[in-house]
Amino acid sequence: MGTALLIAGILLWSATHLSAAARIPARQALIARLGLGPYKGLFSLVILAALVLIVLGWQSMSPLPLYQPPAFLRHVTMLLMVVAVTFFIGARFPSNIRHRIRHPQLIGVKTWALAHLLSNGEVRSILLFGGLLAWAVLSVILINRREPDWHRPQPSGTGATVLHFGLGIALTGVLVFAHPWFAGVALMPR
């Protein structure tokens, strides 16, 4: 049951986001019928439902090991998480990252997923992180196909970029500390 819930959540998350990335006609028709505000509300509810399915599926699956990653990869994962968080917030925070990289948030998601696949060899992790990695890769492809020309934002300056990286490091520290509460797995010895 847990596997089905997890897969359903990942598929619902992916399909909802990919419909926006591809701008499929059914999505446009729904926006025309409901209006943009109600559509965004419905979109948010569907994403929330997908997250609930993912969490319930994850929690109800036992961590059945498929492979045992080498211990040193935990350190690689921690380093990649700083990169992932920094890129993820780069989509909204003014810095030179947005000037240099077209899809910083999706690159952050891909880095996050890859980092977790390096350290977690159980089936539920492979489903979750592999599924979200596939979604992020497809999203970039669809967005680039939809909008082949990218207009770079203006550079933000060194100060904003340094502040952005500092914020990425600090937020990663918070996530590492809070990981037992939102993911159920302690990353640091107590």
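For the structure given in this document, a descriptive report is provided here. (Residues numbered from 1 in each chain as written. Predicted model: local features only at pLDDT ≥ 70, side-chain atom pairs only at ≥ 80, totals over all residues. Heavy atoms only, no water.)

## Describing a nonpolar patch on the surface
- Judged by side-chain polarity, Leu45, Leu48, Val52 and Leu56 come together as a nonpolar surface patch covering roughly 370 Å² of accessible area.
- Here Leu45 lies in helix α3 (residues 36-60).
- Relative accessible area serves as the criterion here: at 57%, Leu45 is assigned to the exposed category. (Patch = residues over 30% accessible without salt bridge, like charges linked within 9 Å, V, L, I, M, F, W, Y side chains within 5 Å. Areas by Shrake-Rupley, 256 points an atom, 1.4 Å probe, with all protein chains shown as cover. Salt bridge = Lys/Arg side-chain N within 4 Å of Asp/Glu carboxyl O. Helix = DSSP H or I, 4+ residues; strand = E, 2+ residues; numbered from the N terminus. Buried < 20%, exposed > 50% of the residue type's maximum accessible area, 1.4 Å probe, protein only.)

## A closer look at helix α6 (residues 104-119)
- When the terminal C-alpha atoms of α6 are compared, their 23 Å separation across 16 residues agrees well with the 22 Å that a helix rising 1.5 Å per residue should span.
- Looking only at α6, the buried set comprises Pro104, Leu106, Gly108, Val109, Thr111, Ala113, Ala115, His116 and Leu117.
- Buried residues belonging to α6 abut α4 (73-90), α5 (96-100), α7 (123-146) and α8 (158-182). (Expected span 1.5 Å × (residues − 1). Contact = heavy atoms within 4.5 Å.)

## Here's the deal with the side chain of Thr172
- By the secondary structure assignment, Thr172 is in helix α8.
- What makes Thr172 buried here is its relative accessible area of 7%.
- Apart from the residues lying within four places of it in its own chain, the contact partners of Thr172 are Met81, Val82 and Val85.

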